[in-house]
Amino acid sequence: MDVIHNGHSGDIIYSLPLVKHFCKKATFWIANDVPSDMPDGMIHPNGKIMMPESAVEFLRPLLESQDYIESVKHAPLSEMPAGMRLDFFRDWKMNTKAGNSADWLRKFYGIQTYSNMPWLSVEKANLDNPVICCFSRRYRNSEIDYSILKDIPNMWFVGLLEEYDFFKNRHGLDNLNFYKVKDALEMAQVIASAKFYFGNQTFGFSIAEALKIPRALEAFEPASVVVPSAPTGMDYMTNLALLNILLTQGFVKDQKLKNPIGATFHLYLGDEHGRFL
């Protein structure tokens, strides 16, 4: 069966509950010429095209490792087959700044997607119960103080090197290591090995959500489109909430916070034009 999605990698991962439920062996089509729809001032690694060849080749091993996906095809939009569309939300009058990305498609097809259950399956990387994190500079709350993580051992960042450098330097996390992955399958294997995962609304979090590992999301209230499902999923929008998560998970002892309930949201952290109050 042909399925078609022309959005970014995270949107593709959030479409998979429907694919898993509906398809025994899907051919997954992704267009190579759809322009990006990023807001002004926001920088995306894929540049001006939603899914350039480099992004598809990074994602391909993960998709093709799933038993319900036969292959991934990358072609011009004009060559897409008449298959099941997985990105209707881009064309219809749907509020794409609210709801849960993993459940958007059931509104169109009336099919239960079981997004509260794991929809990715991978082997774990050979790591000793690491704490994994991934934070982009998009969709951020600049009031969250991650220096609270400075004493957590065996902590690794997966994502782009420049994102790692920005996050580590901003919060003084000398304990944070960088894990370079060759593709999305290896990234998923590293995340699957995690004792716990922290992140914002990124591709990395879509994988953590799909695997249903213990995880916590830095919520972005102006466009809160990811809802971690219980019992292993949590979210936070204040330092107080982050501290309570760390306390319940046994990562830190109780401590005083400089700004327990502040929140300032940015489309792109570092660009004041992308700031939400």
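Description of the structure in this document. (Residues numbered from 1 in each chain as written. Predicted model: local features only at pLDDT ≥ 70, side-chain atom pairs only at ≥ 80, totals over all residues. Heavy atoms only, no water.)

## A short note on the environment of I13
Argument step 1. Mapped onto the elements of the fold, I13 is located in helix α1 (residues 9–22).
Argument step 2. A C-alpha to C-alpha distance of 10 Å links I13 and A208, two positions 195 residues apart in sequence.
Argument step 3. In this structure I13 touches L59, L62, L63, W119, L120, F203, S206, I207 and A210, once residues within four positions along its chain are discounted. (Helix = DSSP H or I, 4+ residues; strand = E, 2+ residues; numbered from the N terminus. Contact = heavy atoms within 4.5 Å.)

## Here we look at the environment of I261
Argument step 1. Structurally, I261 is set in the loop between α7 (239–248) and β12 (265–268).
Argument step 2. In this structure, the C-alpha to C-alpha distance between I261 and E143, residues 118 residues apart in sequence, is 8.7 Å.
Argument step 3. Those residues in contact with I261 that lie beyond four places of it in its chain are T238 and L240.

## A short note on the packing of α1 against helix α2 (residues 53–64)
Argument step 1. The geometry of α1 relative to α2 is characterised by a closest axis approach of 11 Å and an angle of 10° between their N-to-C directions. With respect to their mutual orientation, α1 and α2 come out roughly parallel. Judged by the twist between their axes, the crossing of α1 over α2 is right-handed. Contacts from S9, I12, I13 and L16 of α1 reach α2 at L59, L62 and L63. (Axes fitted to C-alpha atoms, helices over the stretch in contact; angles between N-to-C directions. Parallel < 35°, antiparallel > 145°, perpendicular 65-115°, else oblique. Left-handed = near helix turned anticlockwise from the far one by under 90°.)

## Quick notes on the pairing of strand β8 (residues 176–179)
Argument step 1. Of the strand pairs in this sheet, strand β7 (residues 155–158) and β8 are connected by 4 bridges, and their pairing is parallel. Opposite W156, over in β8, you have N177 as the bridge partner.
Argument step 2. Regarding topology, helix α4 (residues 161–171) serves as the crossover connection from β7 to the parallel β8, and that connection is right-handed. (Pairing = 2+ DSSP bridges. Right-handed = clockwise from strand over helix to strand, strands pointing away.)

## What about the pattern of salt bridges?
Argument step 1. Inspection of every chain in the model, using the stated rule, returns 8 salt bridges.
Argument step 2. Across the salt bridge formed by D87 and R85, the nearest N and O atoms sit 2.6 Å from each other.
Argument step 3. Between D103 and R106 there is a salt bridge, with the nearest N and O atoms lying 3.9 Å from each other.
Argument step 4. The class of D103 is buried, set by a relative accessible area of 13%.
Argument step 5. Judged by relative accessible area, which is 36%, R106 ranks as partly exposed.
Argument step 6. Several salt bridges share partner residues, and in doing so they unite E57, R60 and E64 into one network. (Salt bridge = Lys/Arg side-chain N within 4 Å of Asp/Glu carboxyl O. Buried < 20%, exposed > 50% of the residue type's maximum accessible area, 1.4 Å probe, protein only.)

## Observations regarding the nonpolar core
Argument step 1. Within the largest apolar cluster, 62 residues are counted, with the highest numbers of intra-cluster contacts made by I13, L16, F28, L120 and I191.
Argument step 2. Each residue touching L16, except ones within four places of it in the same chain, is listed here: F28, L63, Y68, I69, W119 and L120.
Argument step 3. V131, L149, L176 and F198 belong to the second-largest nonpolar core, a separate cluster that totals 24 residues. (Core = buried A, V, L, I, M, F, W, Y, C linked by side-chain atoms within 4.5 Å.)

## Observations regarding the sheet that holds strand β2 (residues 26–31)
Argument step 1. Read from one edge of the open sheet, 4 strands run β3-β2-β1-β4, paired in parallel fashion. The sheet terminates laterally at β3 (69–75) and β4 (84–85), the two strands that pair on one side only.
Argument step 2. In terms of strand pairing, strand β1 (residues 2–4) meets β4 through 2 bridges, oriented parallel. Bridging across to β4, V3 finds its partner in M84.
Argument step 3. Taken strand by strand, α1 contacts β2, β3 and β4, and its axis lies near 155° from that of β2.
Argument step 4. The strands touched by α2 are β2 and β3; relative to β3, the strand with the most contacts, the crossing angle is about 170°.

## Some details on the environment of L127
Argument step 1. Tracing the backbone through its elements, the reader meets L127 in the loop between α3 (104–109) and β5 (131–134).
Argument step 2. We classify L127 as partly exposed; its relative accessible area is 25%.

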